[in-house]
Amino acid sequence: MYPFLRLAYQLFVTRNAPPIAPTDTHVSHHRCWPWDLDMFLELNNGRTLTIYDLGRVPGARRAGLLRVLREKGWGMTMAGASVRYRSRVRVFEKVEMHSRLVGWDDRFFYLEQSMWRGQTCCNQIVYRAAVTDKSGIVPADRLMEALGHEGPRPKMPQWVRAWIAADNLRPWPPVREDETEAEAPRRLAG
């Protein structure tokens, strides 16, 4: 089940936190509970993604994103993610999460988050996200204008640009084992 109470707690503890710019880092703290564990008694990889929500949503509120989405009637969707797991998070361990917007292109926003135990980075994720309305994807610059962001786009980190390029090489729709890359698009059309 989605941790609504934990999300409510994170929103509560950050209710008086000062606003941040869209590209600033939001720092939050989280604990690994017994219901977050996998069969190896460490933080479940899927639950990790859910716990990242607990840092991203309050950061989005501090940056004014939730207010703008509500006012405009826009939604938000995730369009891709890549995770690195490097150090186990065990039961009852506390982690510090860093959440930040690293850049955007015409359509998508790229968010980077990481979980730290002291000086050790346990895992890191980069997300591709889009803001949507009834017509589809809202241009990223339009959202940044609504957020009051002035100035140029930040320079996208090289590793994020490389991930975008690599992800663009993946065939879509995915190729099944019984077809060639050329046959996959025809399967959907026919």
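Everything below is about the structure shown above.
Residues numbered from 1 in each chain as written. Predicted model: local features only at pLDDT ≥ 70, side-chain atom pairs only at ≥ 80, totals over all residues. Heavy atoms only, no water.

1. Remarks on the layout of surface pockets
Right, so step 1: Of the volumes computed, that of the largest pocket is approximately 460 Å³.
Right, so step 2: Lining the largest pocket are 26 residues, and of these Arg56, Ala60, Leu65, Met76 and Leu111 sit closest to its centre.
Right, so step 3: Put simply, the parts of the chain that give the lining of the largest pocket at least two residues each are helix H2 (45-62), helix H3 (65-72), strand S2 (75-85), strand S3 (94-104), strand S4 (109-117) and helix H4 (140-146).
Right, so step 4: Top element by residues in the lining of the largest pocket is H2. It accounts for 5 residues. (1 Å grid on protein atoms, 1.4 Å probe; cavity = no way out; pocket = protein on both sides within 12 Å on 5 of 7 lines; lining within 4 Å. Points joined across faces, edges and corners; volume = space filled by probe spheres on them. Helix = DSSP H or I, 4+ residues; strand = E, 2+ residues; numbered from the N terminus.)

2. Description of the environment of Trp172
Right, so step 1: In this structure, Trp172 sits in the loop between helix H5 (158-169) and helix H6 (183-189).
Right, so step 2: Taking C-alpha positions, Trp172 is 29 Å from Met144, a pair spaced 28 residues apart along the chain.

3. Considering the packing of aromatic side chains
Right, so step 1: Under the defined criterion, the tally for this structure stands at 5 aromatic pairs.
Right, so step 2: Geometrically, the ring pair formed by Trp33 and Trp35 is stacked, given 5.8 Å between the ring centres and 15° between the ring planes.
Right, so step 3: Centre to centre, the rings of Trp104 and Phe109 are 6.4 Å apart; their planes meet at 40°, and the pair counts as tilted.
Right, so step 4: Judged by relative accessible area, Phe109 falls into the buried class, the value being 3%.
Right, so step 5: Of note, Arg15 hangs over the ring of Phe12, and the distance from its end group to the ring centre comes to 3.8 Å.
Right, so step 6: Arg128 extends its terminal NZ or CZ atom over the ring of Phe108, reaching a point 5.6 Å from the ring centre. (Phe/Tyr/Trp six-rings, centres within 6.5 Å; stacked < 30°, edge-to-face > 60°. Buried < 20%, exposed > 50% of the residue type's maximum accessible area, 1.4 Å probe, protein only. Lys NZ or Arg CZ within 6 Å of the ring centre and 35° of its normal.)

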